[in-house]
Amino acid sequence: MSVTKQIELVCPAGSLPALRSAVDHGADCVYVGFRDETNARNFAGLNFDEAGLAEGLRYAHRAGAKVFVALNTYPQSANWARWTRALDRAADLGVDAVIMADPALMDYARRTHPQLRLHLSVQGSATNHEAINFYHEHFGIQRAVLPRVLALPQIRHVVANTPVQIEVFGFGGLCVMVEGRCALSAYATGVSPNCDGACSPAKAVRWEQTPRGMEVRLNSVLIDRFDPGERAGYPTLCKGRFDVDGHTYYAFEDPASLNALELLPELLRAGVRAIKIEGRQRSPAYVAEVTRVWRRALDACLADSEGFRPSPGSMSALAQLSEGQTHTLGAYDRPWK
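Rules and cut-offs
For every chain, the first residue of its written sequence is number 1, and the numbers climb from 1 along that sequence. In view of the model being predicted, local features appear only for residues whose pLDDT reaches at least 70, and side-chain atom pairs are presented and counted only at 80 or more, with totals across whole chains, interfaces and linings using the full set of residues. Derived side-chain values reflect all non-hydrogen atoms in the structure, with water molecules and hydrogen atoms excluded from consideration. Strands here are runs of E lasting at least two residues and helices are runs of H or I lasting at least four, both read from the DSSP assignment and numbered beginning at the N terminus. Here the globule rule is a power law, 2.2 Å times the number of residues to the power 0.38, and the radius of gyration is based on C-alpha atoms. For each residue, the accessible area found with a 1.4 Å probe, counting protein chains only, is set against the maximum for its type, and the residue is called buried under 20%, exposed over 50%, and partly exposed in between. What qualifies as a polar contact is a pair of N or O atoms within 3.5 Å, subject to a donor-acceptor requirement within protein and to the restriction that residues adjacent in sequence count only when both atoms come from side chains. Contact criterion: two residues are considered in contact whenever any of their non-hydrogen atoms come within 4.5 Å of each other. Axis definition: a line fitted to C-alpha atoms, over the contacting stretch in the case of helices. Angles run 0 to 180 degrees between N-to-C directions. To sort the angles, those under 35 degrees are grouped as roughly parallel, those over 145 as roughly antiparallel, those from 65 to 115 as roughly perpendicular, and the leftovers as oblique. Gly is placed with the polar residues, together with every amino acid not listed as nonpolar (Ala, Val, Leu, Ile, Met, Phe, Trp, Tyr, Cys and Pro) or charged (Asp, Glu, Lys and Arg). Handedness of a helix crossing follows the sense of rotation of the near helix relative to the far helix, less than a right angle counterclockwise being left-handed and clockwise being right-handed. Strand pairing requires that DSSP identify at least two bridges connecting the strands. Cavities and pockets were defined on a 1 Å grid built from protein atoms only: a cavity is a group of points that admits a 1.4 Å probe but offers it no way out, a pocket is an open group of points flanked by protein on both sides within 12 Å along at least five of seven lines, and a lining residue is one with an atom within 4 Å of any such point. Grid points are joined across faces, edges and corners, and a volume is the space filled by probe spheres set on the points. Each Phe, Tyr or Trp ring, with Trp reduced to its six-membered ring, pairs with another whose centre is within 6.5 Å; inter-plane angles below 30 degrees give stacked pairs, above 60 give edge-to-face pairs, and intermediate values give tilted ones. Criterion for a charge above a ring: Arg CZ or Lys NZ at most 6 Å from the ring centre, at most 35 degrees from the ring normal. Disulfide: a pair of cysteine sulfur atoms within 2.5 Å of each other.

Digging into the overall build of the protein
Inference 1: Scanning the protein from N- to C-terminus turns up 10 helices and 15 strands.
Inference 2: For 337 residues, the compact-globule formula gives about 20 Å, and the C-alpha radius of gyration of the protein, at 20 Å, lands near that figure.
Inference 3: The dimensions of the protein, computed from C-alpha atoms along their principal axes, are 60 × 55 × 40 Å.
Inference 4: The buried share of the protein, reckoned over its 337 residues, is 54%.

Written out as structure tokens, the structure is:
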């Protein structure tokens, strides 16, 4: 049995080389951001200026791929104009959609650029169909990216009760919090991932070799300590090890990547319209390999969803690219939900 409903593979691009890699290896869509705090991956060396985005749009559109711009952080009254200017630039350049979280910016977009397609970002924290339908009714949202906290039955319930297209994450980093509501990084660093676009900004990260091992801190907060030869991932508070009742362990979440490749048939049958790959901060080589594996798997599943099984080679390739070289089904596989 085949699944014929269209489903898009949405891949990350933190640079022009990464965008080209995604398009060349089969992405239907790529998502990008500008070089400022208007997007949730505001790190030095990432993202696009106007000239780079214009070139990326030309490259993607020649190949029949779409480009989405993430404007998915929350402006404040003192810097509101920066977000509206970013939205105006995206619309003027001819992007295929903008990915948004802030209702005021959505209202501005709908009034100022009524032809512009709007997607609800995962940063909008919409975990039920009532919230998604609110954004659809008031701002014309046409697609919503679900936070990575819903089990498969919950996703099916959302899809069945909204006219909005639903996009879910298939691979990449996990967030233990409901996206758009996390204050842990802001508590430790004074920089909000929700407003400034940087979780664990590099300027706050400290690495120090000590007699007890490699210690990593956010400002003065000890996040983790690694033994010699142990893989040391990028530090975020939610993926650190802490002393709790005399035991040291990952109190929030193990550093593992989401990998839902084996769930592709169920996601397609649920009516999901797009699979998203996380990783705008990753290298072009990472983007190329993940896109290649998921493109091949998605095509195979669309051709024969009943007979689809991810190949050992595909799972092995993705494991090599996973955080800590381990992966999980995350919230998708929680029978108690």
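Once the structure has been displayed, the description carries forward.
Some points on the side chain of Ser314
Inference 1: Counting through the fold element by element, Ser314 comes out in helix α10 (residues 312–321).
Inference 2: A polar contact of 2.9 Å, which involves the side chain of Ser314, links it to the side chain of Ser311.
Inference 3: Those residues in contact with Ser314 that lie beyond four places of it in its chain are Leu261 and Val293.

With respect to the packing of helix α1 (residues 16–24) against helix α2 (residues 50–62)
For any two helices packed against each other, one specifies the crossing angle of their axes together with the interaxial distance.
Inference 1: Where α1 meets α2, the axes come as close as 10 Å, and the angle between the chain directions of the two elements is 10°. In terms of orientation, α1 lies roughly parallel with respect to α2. Packed against α1, whose contacting residues are Leu16, Leu19, Arg20, Val23 and Asp24, the element α2 presents Gly52, Glu55, Gly56, Tyr59 and Ala60 at the interface.
Inference 2: Here the contact of α1 with α2 is composed, by residue class, of five nonpolar, two polar and three charged.

Looking at the packing of helix α9 (residues 284–303) against α10
Inference 1: Look at α9 against α10: their axes get within 10 Å of each other, and the N-to-C directions meet at 155°. It follows that α9 is roughly antiparallel to α10 by the angle criterion. Like other packed secondary-structure pairs, α9 and α10 cross with a definite hand, here left-handed. Note on element contacts: α10 touches α9 through Ser314, Ala317, Leu318 and Leu321, opposite Tyr286, Glu289, Val290, Val293 and Trp294.

Remarks on the pairing of strand β10 (residues 221–226)
Inference 1: Two elements, strand β9 (residues 213–218) and β10, share five bridges in a ladder whose sense is antiparallel. Each residue of the ladder has a partner; that of Arg217, found in β10, is Leu222.
Inference 2: From the end of β9 to the start of β10, which pair antiparallel, there are two residues, and Asn219 there has a positive phi angle of about 55°.

Brief notes about the sheet that holds β9
Inference 1: Across the sheet, which stays open at both edges, the three strands sit in the order β8-β9-β10 with antiparallel pairing between neighbours. In this open sheet, the two strands that pair with only one neighbour each are β8 (205–210) and β10. With strand direction ignored, the average angle separating the axes of adjacent strands in the sheet is 25°.
Inference 2: Bridge count for β8 against β9 is six bridges, and the pairing is antiparallel.

Re empty space enclosed by the protein
Inference 1: In total, this model carries one cavity of 30 Å³ or more according to the counting rule given.
Inference 2: Lining the largest cavity are Leu146, Pro147, Arg148, Leu150, Ile155, Val168, Phe169, Leu174, Leu258, Ala331 and Tyr332.
Inference 3: Here the lining of the largest cavity is composed, by residue class, of 10 nonpolar, no polar and one charged.

A look at the packing of aromatic side chains
Inference 1: Across all of its chains, the model carries five aromatic pairs by this definition.
Inference 2: Judged by centre distance (5.7 Å) and plane angle (85°), the ring pair of Phe134 and Tyr135 falls under edge-to-face.
Inference 3: Residue Phe134 is classed as partly exposed on the basis of its relative accessible area of 41%.
Inference 4: A ring pair is formed by Phe134 and Phe139, whose centres lie 6.3 Å apart and whose planes are at 75°; its orientation type is edge-to-face.
Inference 5: Counting every residue linked through ring pairs, the aromatic cluster contains Phe134, Tyr135 and Phe139.
Inference 6: Geometry around Tyr286 places Arg282 over its ring, the cationic atom sitting 5.1 Å from the centre.

Structural notes on the environment of Leu118
Inference 1: Position of Leu118 relative to the elements: it lies in strand β5 (residues 118–120).
Inference 2: Classification of Leu118 as buried rests on a relative accessible area of 3%.
Inference 3: Excluding anything up to four places from it in sequence, Leu118 contacts Val98, Met100, Met106, Ala109, Phe139, Gly140, Ile141, Gln142 and Arg143.

Concerning the state of the cysteines
Inference 1: A complete count under the given rule lists zero disulfides for this structure.
Inference 2: Left unpaired, Cys29 is separated from the closest cysteine sulfur, that of Cys11, by 8.5 Å.
Inference 3: No disulfide involves Cys199; its nearest neighbouring cysteine sulfur is the one of Cys182, lying 6.1 Å away.

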